[in-house]
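Listed here are the chains, written in short residue letters.
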Amino acid sequence: MALHRGNSESPAPRGGGRRLAVNPFYGATNPAAGMTEAPPTHRLPDSPMAPSTAYQLVHDELMLDGNSRLNLATFVTTWMEPEAAVLMAECRDKNMIDKDEYPRTAELERRCVSMLADLWNAPDPSAAVGCSTTGSSEACMLAGLALKRRWASRNADRYPSPQARPNLVMGVNVQVCWEKFCTFWEVEARLVPMEGERFHLDPQVAAELCDENTIGVVGILGSTFDGSYEPIADLCAALDALQERTGLDVPVHVDGASGAMVAPFLDEDLVWDFRLPRVASINTSGHKYGLVYPGVGWALWRDKEALPEELVFRVNYLGGDMPTFALNFSRPGAQVVAQYYTLLRLGRDGFRAVQQAARDVAGRVAKAMEELDDFRLLTRGDQLPVFAFTTAADVTRFDVFDVSRRLREAGWLVPAYTFPPNREDLSVLRVVCRNGFSEDLADLFIDDVRRSLEDLRRQPHPLTHDRGAATGFHH
Ligand SMILES: Cc1ncc(COP(=O)(O)O)c(C=O)c1O
C-alpha cells in the first residue's frame with residue numbers, strides 16, 4: 001500500500017525496530033570502535049551518525065529494490081544520458097516556483113510549453129497556455145479543474161444546486177488519476193464500459209452519456225491497460241453531432257500521458273490534437289515518452305479561454321508578478337531543465353528515431369509471444385510501444401499470474417491484472433517497451449519467457465490463486 005502508516009501494530013522497541021547488522025567497516029575509521037547497536041528504523045535516532053555510515057545503511061537496503069531497467073511494468077523513464085544526469089544534478093537545488101530568482105529555468109519551462117504547443121498543432125502556439133507539473137496526474141487534475149470551472153461559469157444560474165451535479169465522461173479504462181479527480185473535486189464519473197473485444201471508449205456511447213451537466217469527455221492516447229489509442233477524432237465527431245442535435249457543446253481533454261509524445265513522431269497522419277477544434281486541453285508525462293526521469297508532466301490549453309483566469313494565482317512575494325497554476329507550490333526545477341535538454345538534444349528526428357526503436361522492439365517481442373502459441377495478443381505494440389496479452393484458450397496448467405511470478409524470479413517485472421467491467425473475466429500481462437529496453441535485452445526477455453513456459457507447461461496441477469490480485473500493475 002502506498003499510503004504509509006506509522007508502525008502502530010507492532011511499535012518498534014526503543015533502540016531499534018527491525019535491526020540491520022552493522023558492518024564494522026561502516027561504523028568508523030576504526031572498525032573495532034564501530035556501531036554496537038543498529039540504529040532505530042521507525043523512530044528518529046537519538047544522535048547523529050557519520051554520513052558514510054548512514055549512506056551505507058540506506059544503500060544496502062535499497063539493493064533489494066528491483067532493477068528499474070528490467071521493470072516492464074512502468075511507463076516512466078529509467079535511463080537518461082549522463083549529460084542529462086549532470087544537468088539535473090546541477091539544478092537539484094532549484095525550486096521551480098522561484099521564477100524570479102531562477103529566470104532562466106522559468107524561461108526553459110516557457111520554451112518547453114511553446115515547443116509542445118507547436119508539436120500538438122495549437123492554432124496559434126503563442127496563444128496556447130500551459131505549465132509543467134509533477135506528472136500527468138497533476139496535469140489531469142488541473143485540466144479537469146479547468147473543465148469544471150468553465151462548465152460552472154456557463155451554468156452559474158443552476159450551479160451549485162442538487163440538480164446540477166457535474167459529470168465527466170470517459171472510458172472505464174482511464175488511469176486512476178481520473179477517478180481521483182472525480183472523487184477529490186466532487187464530479188460524477190460516467191464510465192463507458194468495455195464491450196467484447198473493445199477495450200477502450202466508444203465515441204457513440206460516450207456521446208450518449210453526455211448531458212447538460214457534462215463538463216467534458218476524456219479521450220486517452222493510449223490506454224494504460226493495453227497501449228491502444230482511443231479514437232479522438234471520432235469522439236470529437238460524435239460530440240459535434242451531439243451539439244447539432246441538442247445544442248450541448250462538450251469539450252474534450254486528451255490524456256496523452258504516453259501517446260502525446262509518441263503519436264506526433266510516429267503517427268503524423270493521425271489527427272488527435274489541437275487540430276480538432278473540440279480539443280480544449282492536452283496533458284503528457286514528460287517522464288514517460290518525454291524521456292525524462294520522474295517527475296515532470298505538462299498541461300496545455302488551446303487558448304486563454306480554455307483556462308479560466310480565476311484558476312491562475314498570482315504571487316508577488318517571490319519578486320515580480322508570477323502567475324502559477326499548480327497544486328504544489330515548491331517543485332524541483334531539475335526535471336524541467338532535463339525536459340528542455342531532451343527536446344533540444346533530440347529534435348523531431350531524434351524523437352522519431354527513439355520512439356520508432358521502442359515500437360520496433362514492442363512489435364518484435366509481441367510477435368515472439370504470439371509465436372509461442374501459449375498466448376493470445378490483445379494489442380501488438382503498434383500504437384503505444386506497449387502490448388497486452390493473455391493465455392490462449394487451451395492453456396489450463398498456468399495463468400498470467402504464474403507467468404508474472406516466474407518472470408520475476410528471472411528479474412523481469414511484468415504485471416498481470418484483470419480488466420475492468422465488463423471484461424473482468426480477462427486477465428492479461430502487459431509489457432511496456434521504453435527507451436533503454438534494447439533489442440538485446442528484449443531477446444534475453446524472450447528467452448526467459450520461453451524458459452519459464454517450459455517449467456509452467458510441466459506444472460503437475462493448475463495452481464489456485466487469487467486471480468484478482470494484480471502484480472505490479474501501474475494503473
Ligand atoms: C493514460 C494515463 N494518464 C495518466 C497517468 C498518470 O501519470 P503520472 O504517473 O505521470 O502521474 C498515466 C500513468 O500511467 C496514464 O497511463
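Up top is the structure.
Residues numbered from 1 in each chain as written. Predicted model: local features only at pLDDT ≥ 70, side-chain atom pairs only at ≥ 80, totals over all residues. Heavy atoms only, no water.

1. Points about the overall build of the protein chain
Assigned secondary structure in the protein chain consists of 12 helices and 13 strands. Scored against the burial criterion, the 475 residues of the protein chain give a buried share of 52%. Of the roughly 22,500 Å² that the protein chain leaves accessible, carbon and sulfur atoms contribute 53%. (Helix = DSSP H or I, 4+ residues; strand = E, 2+ residues; numbered from the N terminus. Buried < 20%, exposed > 50% of the residue type's maximum accessible area, 1.4 Å probe, protein only. Areas by Shrake-Rupley, 256 points an atom, 1.4 Å probe, with all protein chains shown as cover.)

2. A short note on the environment of Trp151
As for its position among the elements, Trp151 is in helix α5 (residues 136-154). The sequence separation of Trp151 and Glu212 amounts to 61 residues, and the corresponding C-alpha distance is 9.3 Å. Not counting residues within four places of it along the chain, the set of residues in contact with Trp151 comprises Arg158, Tyr159, Ala164, Pro166, Glu212, Asn213, Thr214 and Ile215. A polar side-chain atom of Trp151 sits 3.0 Å from the main-chain carbonyl oxygen of Glu212. (Contact = heavy atoms within 4.5 Å. Polar contact = N/O pair within 3.5 Å; in protein donor to acceptor, adjacent residues only side chain to side chain.)

3. A short note on the packing of aromatic side chains
In this structure the tally under the stated criterion is 16 aromatic pairs. Taking 6.1 Å as the distance between ring centres and 75° as the angle between the ring planes, the aromatic pair formed by Trp178 and Phe181 counts as edge-to-face. Of this pair, Trp178 and Phe181 both sit in helix α6 (residues 176-184), 3 residues apart, which is roughly one turn of the helix. Owing to a relative accessible area of 0%, Phe181 belongs among the buried residues under this scheme. Taken together, a centroid distance of 6.2 Å and an interplanar angle of 15° make the contact between Tyr417 and Phe419 stacked. When sorted by exposure, Tyr417 lands in the same class as Phe419, which is buried. Within the aromatic cluster, the residues linked to one another by ring pairs are Trp178, Phe181, Phe184 and Trp185. (Phe/Tyr/Trp six-rings, centres within 6.5 Å; stacked < 30°, edge-to-face > 60°.)

4. As for the environment of Ala38
In this fold, Ala38 is placed in the loop between α1 (24-27) and α2 (51-62). Sequence separation between Ala38 and Leu57 is 19 residues, and the spatial gap between their C-alpha atoms is 9.7 Å.

5. A closer look at the nonpolar core
Soluble, globular proteins show a tendency: their nonpolar side chains are buried together. Ranked by internal contacts, the top residues of the largest apolar core, which has 63 residues, are Trp120, Val217, Leu239, Met261, Trp272 and Val279. Sort the elements by how many residues they give to this core and helix α10 (residues 334-371) lands first, with 10 residues. When near neighbours in sequence (up to four residues on either side) are disregarded, Val279 contacts Ile232, Cys236, Val252, Val254, Trp272, Asp273, Phe274 and Arg302. Formed by 34 residues, the second largest nonpolar core is a distinct cluster that contains Ala362, Val395, Phe401 and Cys433. (Core = buried A, V, L, I, M, F, W, Y, C linked by side-chain atoms within 4.5 Å.)

6. Let's talk about the sheet that holds strand β5 (residues 252-255)
Pairing within the open sheet is mixed, and its 7 strands lie in the order β1-β7-β6-β5-β4-β2-β3. The open sheet is flanked by β1 (129-133) and β3 (188-192), the only strands paired with a single partner. Recorded for the sheet is a direction-independent mean angle of 20° between the axes of neighbouring strands. The pairing of β5 with strand β6 (residues 279-285) spans 4 bridges and is parallel. Bridge pairing in β6 links His253 to Ser281. Contacting β1 and β7 (297-301), helix α4 (residues 103-119) runs over the sheet at an angle of about 60° to β7. Relative to the sheet, α5 contacts β1, β2 (167-171), β4 (214-220), β5, β6 and β7, its axis offset from that of β6 by approximately 165°. (Pairing = 2+ DSSP bridges. Axes fitted to C-alpha atoms, helices over the stretch in contact; angles between N-to-C directions.)

7. Regarding the packing of helix α11 (residues 400-409) against helix α12 (residues 439-458)
Contact pair α11 / α12: the axes reach a minimum separation of 10 Å and the direction vectors enclose 120°. Taken together, α11 and α12 sit at an angle that is classed as oblique. Read as a crossing pair, α11 and α12 show a hand that is right-handed. Seen from α11, the contacting residues are Asp402, Val403, Arg406 and Leu407; seen from α12, they are Phe445, Asp448, Val449, Ser452, Asp455 and Leu456. Of the residues in the contact of α11 with α12, the class split is 5 nonpolar, 1 polar and 4 charged. (Parallel < 35°, antiparallel > 145°, perpendicular 65-115°, else oblique. Left-handed = near helix turned anticlockwise from the far one by under 90°. Nonpolar A, V, L, I, M, F, W, Y, C, P; charged D, E, K, R; others polar.)

8. Observations regarding α5
With 19 residues, α5 should reach 27 Å at 1.5 Å per residue; the first-to-last C-alpha distance of 27 Å fits that figure. With 14 of 19 residues buried, α5 lies mostly within the body of the structure. (Expected span 1.5 Å × (residues − 1).)

9. A word on unusual backbone geometry
For the peptide bond that leads from Tyr159 to Pro160, omega is 0°, which places it in the cis range. Residue position: Pro160 is located in the loop between α5 and β2. Gly222 follows Leu221 through a cis peptide bond whose omega is 0°. Checked against the element boundaries, Gly222 lands in the loop between β4 and α8 (232-246). Here the phi dihedral of Glu186 falls at roughly 50°; this positive angle occurs in a residue that is not glycine. Its location among the elements puts Glu186 in the loop between α6 and β3.

10. Structural notes on the packing of α10 against α12
For any two helices packed against each other, the geometry comes down to the angle between their axes and how far apart the axes lie. Direction vectors running N to C along α10 and α12 enclose 15°, while the axes themselves pass 10 Å from each other. In this view, α10 runs roughly parallel relative to α12, as classed from their interaxial angle. For α10 against α12, the interelement crossing comes out right-handed. Note on element contacts: α12 touches α10 through Glu439, Ala442, Asp443, Phe445, Ile446 and Val449, opposite Val361, Arg364, Val365, Ala368 and Met369. Looking at the contact of α10 with α12 residue by residue, the class counts come to 8 nonpolar, no polar and 3 charged.

11. Description of the side chain of Asp273
In this structure, Asp273 sits in the loop between α9 (263-266) and β6. Polar contacts involving the side chain of Asp273 include one to the side chain of Asn121, which spans 2.8 Å.

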